[in-house]
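Descriptive structure summary
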Amino acid sequence: YLHGILPRAAALITGCGGAYEYLGGSIEAFPSGSKMLELLAANGFASPTAQPLTGGIATIYTAVANSATA
């Protein structure tokens with residue numbers, strides 16, 4: 001879907017399919033779940049949490065900045 005259907009559908013809708021070819025790889029490379037929480041903690045944020053939405057299609061990540069990261 002990410003590498004075949006999405007760019008083609010975007011090309012039909014927007015006329016700019018090339019602009020969406022990167023999207024699948026970008027989505028796959030983005031850290032998710034525990035990896036994102038670890039990344040937040042490793043960069044000085046406190047209490048990182050993940051709230052999956054729509055069955056995990058999207059996730060809201062929140063964390064508290066401490067004085068060193070703010």
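Data block above holds the structure.
Here we summarise the structure given alongside this text. Predicted model only: the values in this text are computed from it and were never measured.

About the cut-offs
- Residues numbered from 1 in each chain as written.
- Predicted model: local features only at pLDDT ≥ 70, side-chain atom pairs only at ≥ 80, totals over all residues.
- Heavy atoms only, no water.
- Pairing = 2+ DSSP bridges.
- Helix = DSSP H or I, 4+ residues; strand = E, 2+ residues; numbered from the N terminus.
- Buried < 20%, exposed > 50% of the residue type's maximum accessible area, 1.4 Å probe, protein only.
- Contact = heavy atoms within 4.5 Å.
- Arc of directions from axis to C-beta.

1. Concerning the pairing of strand S1 (residues 45-53)
- Direction of pairing for S1 relative to strand S2 (residues 58-65): antiparallel, over a ladder of 7 bridges. In the strand pairing of S2, Thr 49 is matched with Thr 62.
- The antiparallel pairing of S1 with S2 creates a hairpin that spans 4 residues between the two strands, and Thr 54 there sits at a positive phi of about 50 degrees.

2. Concerning the environment of Tyr 1
- Mapped onto the elements, Tyr 1 comes out in the segment before helix H1 (5-14).
- Exposure remark for Tyr 1: the relative accessible area of 62% places this residue in the exposed category.
- Along the backbone, Tyr 1 and Gly 24 are 23 residues apart, and their C-alpha atoms lie at a distance of 8.4 Å.
- Setting aside chain neighbours within four positions, we find Tyr 1 in contact with Leu 6 and Pro 7.

3. Quick word on the environment of Gln 51
- Of note, Gln 51 is situated in strand S1.
- The class for Gln 51 is partly exposed, based on a relative accessible area of 47%.
- Considering only alpha carbons, one finds Gln 51 and Thr 62, 11 residues apart in sequence, at a separation of 8.4 Å.
- Setting aside its immediate chain neighbours within four residues, Gln 51 contacts Ala 58, Thr 59 and Ile 60.

4. Here we look at H1
- Of all the residues in H1, the buried ones are Leu 6, Pro 7 and Ala 10. Looking straight down H1, one finds its buried side chains confined to an arc of 95 degrees; they lie on one side. H1 presents Ile 5, Arg 8 and Leu 12 as exposed residues on the side facing more than 90 degrees away from its buried surface.
- Residues of H1 that are buried sit in contact with helix H2 (23-29).
- A positive phi of about 80 degrees marks Gly 15, the residue just after H1.

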